[in-house]
Amino acid sequence: NLTDKIERAFKVLKGHGQITEINVAETLKEVRRALLDADVNFKTAKEFTQSVKEKALGRNVLTSISPGQLLTKICHEELVELMGGAEAELQFQGSPGIILMSGLQGSGKTTFSGKLANFLKNKKGKKPLLVACDVYRPAAIDQLHVLGDQLGIEVFSNKEEKNPVKIAEAAIQHAKSNSFNVVIVDTAGRLAVDAEMMDEIEAIKKALNPTETLFVVDSMTGQDAVNTAKAFNDRIDFDGVVLTKLDGDTRGGAALSIKAVVDKPIKFVGTGEKMDALDVFYPQRMADRILGMGDVVSLVERAQEQFDEEQARKLQKKIQKNQFDFNDFLGQLQQIKKMGNVKDLLGMVPGMGKALKNVDIEDDAFKHIEAIIHSMTPAERSNPALLNGSRKKRIATGSGTSIQEVNKLIKQFDDTRKMMKVMGNKQEMMKMMKQMK
Ligand code: GDP
Ligand code: MG
């Protein structure tokens with residue numbers, strides 16, 4: 001799948017300390033191939049890699065200290081951008097708000113109508129009315145009733161009426177007189193785009209003037225999904241896309257190219273047949289999923305905010321000279337703490353997890369460590385050898401801890417320092433600092 005392929009492409013970069021322009025070009029070619037294989041349309045894939053390449057050059061990827069990670073990060077940003085940047089809101093306010101479904105038969109309109117009604121009822125405190133406007137298949141009307149019953153949501157239908165516009169208009173009247181504040185209109189689809197279906201959905205849209213028109217598409221239909229999206233958008237100018245069946249063995253391609261081709265945001269994804277299998281679409285998360293390296297990317301981002309290269313170099317010098325002291329120790333702990341969940345982070349930072357292995361990584365323990373170091377005098381912090389029995393006692397009292405805890409910290413500090421010295425052979429350490437950056 002796409003994730004594996006992109007990952008394979010990136011492996012080349014991750015393995016190399018240095019990458020060359022040829023290397024970047026090769027990797028981007030791989031990425032493009034992976035995108036094409038995943039049914040991203042050619043134009044989108046080409047634009048994507050072109051844009052990544054330009055940004056990579058603009059940001060001097062080749063001379064940066066970790067080219068592989070920087071390139072990954074640029075790819076990630078570009079994916080997010082391609083999928084619409086921030087998540088897109090659904091418009092459902094109105095008296096009543098009207099949400100119209102469109103899409104081919106089998107795309108998941110009826111299922112999504114139920115999921116959305118459930119979502120608006122339970123998560124947004126709305127009183128939704130479901131409307132069955134599939135006048136061709138009586139079974140489709142029954143299907144919506146079954147869902148409505150299951151969810152405790154009223155379904156409006158009229159099997160005698162053959163004009164979906166009339167059904168929908170009657171439904172809205174019904175909603176107004178019975179204080180429903182959102183009307184979700186499920187419509188009929190065909191197996192392929194045809195003129196009659198387009199006429200019908202256009203007529204419904206004109207008559208209802210919905211607050212939101214959604215295009216529902218099966219993410220497993222690959223390249224066809226993009227063509228269908230374009231056909232619908234040309235005709236009804238929908239507001240957003242619902243990508244269904246993302247739980248299956250799906251090709252991520254649709255998510256990538258639909259936005260690029262029709263320039264409409266993806267608003268929801270369907271991840272199963274059950275009524276709670278609905279997710280708001282987050283471009284950020286989708287990009288993580290596609291790259292399959294969410295942890296690394298977000299770590300790099302957070303680390304970049306917190307770590308200063310210059311500081312890392314200074315620290316490295318101190319470690320080399322065995323001058324690493326409690327001030328540095330405290331500084332490192334604070335840096336790590338700033339970066340977020342300590343336990344997760346230590347696992348992710350190459351080298352750092354090892355260096356601080358003996359430090360208790362409970363957040364609470366951090367507080368104690370900080371308190372103890374704060375209770376040391378500047379002289380004690382920079383020269384831990386001063387710490388004799390009476391000083392330790394003073395520190396324990398001052399920090400509200402015990403002599404045992406103070407001793408434990410000093411032991412941890414010594415271990416860390418020893419380990420750092422071992423690692424402090426220049427190459428290892430620089431590599432670690434670079435990876436942090
Ligand atoms: P419609 O013809 O557009 O109304 O499509 P339906 O809502 O009837 O869905 C067609 C089939 O796809 C049904 O069997 C649904 O259970 C299934 N389906 C819909 N959405 C999803 C989804 O997100 N994941 C999975 N696995 N199946 C889905
Ligand atoms: Mg249906």
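Calculation criteria
Residues numbered from 1 in each chain as written. Chains lettered and ligands numbered in written order. Predicted model: local features only at pLDDT ≥ 70, side-chain atom pairs only at ≥ 80, totals over all residues. Helix = DSSP H or I, 4+ residues; strand = E, 2+ residues; numbered from the N terminus. Buried ≥ 20, exposed ≤ 12 C-beta atoms within 10 Å, placed from the backbone. Contact = placed C-beta atoms within 7 Å. Pairing = 2+ DSSP bridges. Right-handed = clockwise from strand over helix to strand, strands pointing away. Near = placed C-beta within 6 Å. Nonpolar A, V, L, I, M, F, W, Y, C, P; charged D, E, K, R; others polar. UniProt positions renumbered as here; feature names shortened; annotations may be inferred. Axes fitted to C-alpha atoms, helices over the stretch in contact; angles between N-to-C directions. Core = buried A, V, L, I, M, F, W, Y, C linked by C-beta atoms within 7 Å. Parallel < 35°, antiparallel > 145°, perpendicular 65-115°, else oblique. Left-handed = near helix turned anticlockwise from the far one by under 90°. Expected span 1.5 Å × (residues − 1). Arc of directions from axis to C-beta.

## What about the overall build of the protein?
And then number 1: When helices and strands are counted, the protein shows 21 helices and eight strands.
And then number 2: With 437 residues in all, the protein has 42% of them scored as buried.
And then number 3: Long-range pairs, those at least 24 residues apart, make up 75% of the contacts in the protein between residues at least 6 apart in sequence.

## A word on the pairing of strand E6 (residues 240-244)
And then number 1: Along E6, five of the five residues are buried, which leaves the element largely enclosed by surrounding structure.
And then number 2: Every second residue of E6 is oriented toward a common face, with Gly240, Val242 and Thr244 on one face and Val241 and Leu243 on the other, all of them buried.
And then number 3: The pairing of strand E5 (residues 212-218) with E6 spans five bridges and is classified as parallel. Its bridge partner lying in E6, Leu214 is registered against Gly240.
And then number 4: In this region the chain leaves E5, passes through helix H9 (residues 223-236) and returns to the parallel neighbour E6; the handedness of that crossover is right-handed.
And then number 5: Strand direction decides the pairing type here: E6 and strand E7 (residues 266-270), joined by three bridges, are parallel. Note that in E7 the partner of Val242 across the bridge is Phe268.

## Considerations on the site of ligand 1
And then number 1: Taken together, 18 residues are adjacent to ligand 1, and Gly108, Lys109, Thr110, Thr111 and Gly270 come closest.
And then number 2: Counting residues per element, the shell around ligand 1 draws most heavily on helix H5 (residues 109-124), at three residues.
And then number 3: For the shell around ligand 1, the class distribution of residues is one nonpolar, 13 polar and four charged.

## Quick word on the UniProt feature "domain: SRP54-type proteins GTP-binding" (unreviewed entry) in the protein
And then number 1: This chain's UniProt record puts "domain: SRP54-type proteins GTP-binding" (unreviewed entry) on residues 265-278.
And then number 2: What you have in residues 265-278 is 0% helix and 43% strand, and the ends, taken at the C-alpha atoms, are 16 Å apart.

## Here we look at the environment of Glu77
And then number 1: Relative to the helices and strands, Glu77 resides in helix H4 (residues 67-82).
And then number 2: Its 18 C-beta neighbours within 10 Å are what place Glu77 among the partly exposed residues.
And then number 3: In the structure, Glu77 is positioned 25 residues away from Val52 in sequence and 9.0 Å away in space, judged by C-alpha atoms.

## Side note on the sheet that holds strand E8 (residues 278-280)
And then number 1: In spatial order, the strands read E3-E2-E4-E1-E5-E6-E7-E8; together these eight strands make up an open sheet with mixed pairing. Among the strands making up the open sheet, the edge pair consists of strand E3 (155-156) and E8.
And then number 2: Strands strand E1 (97-102), strand E2 (128-133), E3 and strand E4 (182-187) of the sheet are contacted by helix H7 (residues 164-177), whose axis makes an angle of about 165 degrees with E2.
And then number 3: Helix H8 (residues 195-208) rests against E1, E2, E4 and E5 of the sheet, and its axis sits at about 175 degrees to E1.

## Details of the nonpolar core
And then number 1: Counting 78 residues, the largest nonpolar core has Val131, Val183 and Val185 as its most contacted members.
And then number 2: Ignoring any residue separated from it by four or fewer positions in sequence, one finds Val183 in contact with Pro96, Ile98, Leu129, Val131, Ala171, Ile172 and Ala175.
And then number 3: Core analysis: the next-biggest nonpolar cluster, separate from the first, contains 10 residues, Ile369, Ile395, Val406 and Phe413 among them.

## Observations concerning the packing of H7 against H8
And then number 1: For the pair H7 and H8, the least separation of the axes is 9 Å and the interaxial angle reads 30 degrees. Judged by the angle between their axes, H7 and H8 are roughly parallel. The crossing of H7 and H8 is right-handed. Along the contact surface, H7 presents Pro164, Val165, Ala168, Glu169 and Ile172, while H8 presents Glu200, Ala203, Ile204, Ala207 and Leu208.
And then number 2: Here the contact of H7 with H8 is composed, by residue class, of eight nonpolar, no polar and two charged.

## Comments concerning the environment of Val262
And then number 1: The topology assignment puts Val262 in helix H10 (residues 253-262).
And then number 2: Once you skip the residues sitting within four places of it in the chain, Val262 turns out to touch Ala229, Lys230 and Asn233.

## Let's talk about helix H6 (residues 138-151)
An α-helical segment advances 3.6 residues per turn. Residues three or four places apart therefore align on the same side.
And then number 1: In this model, H6 (14 residues) spans 20 Å end to end at C-alpha, consistent with the 20 Å of a helix rising 1.5 Å per residue.
And then number 2: Buried within H6 are the following residues: Ala140, Ile141, Leu144, Leu147 and Gly148. The arc enclosing the buried residues of H6, seen along the axis, measures out at 125 degrees, which places them on a common side. Residues Pro138, Ala139, Asp149 and Gln150 are exposed on H6 and point more than 90 degrees away from its buried face.
And then number 3: Positive phi shows up at Gly152, right after H6, with a value of about 70 degrees.

## Some words on unusual backbone geometry
And then number 1: In this structure, the amide linkage connecting Ser95 to the following residue, Pro96, adopts the cis form with an omega of -5 degrees.
And then number 2: If you trace the backbone, Pro96 turns up in the loop between H4 and E1.
And then number 3: Phi at Ser179 is positive, roughly 50 degrees, even though this residue is not glycine.
And then number 4: By secondary structure assignment, the location of Ser179 is in the loop between H7 and E4.
And then number 5: Overall, Ser179 belongs to the exposed group, with 10 C-beta atoms counted inside 10 Å.
And then number 6: A positive phi angle is found at Asp263, which is not glycine, with a value near 55 degrees.
And then number 7: Here Asp263 lies in the loop between H10 and E7.
And then number 8: Given 9 C-beta atoms within a 10 Å radius, Asp263 is considered exposed.

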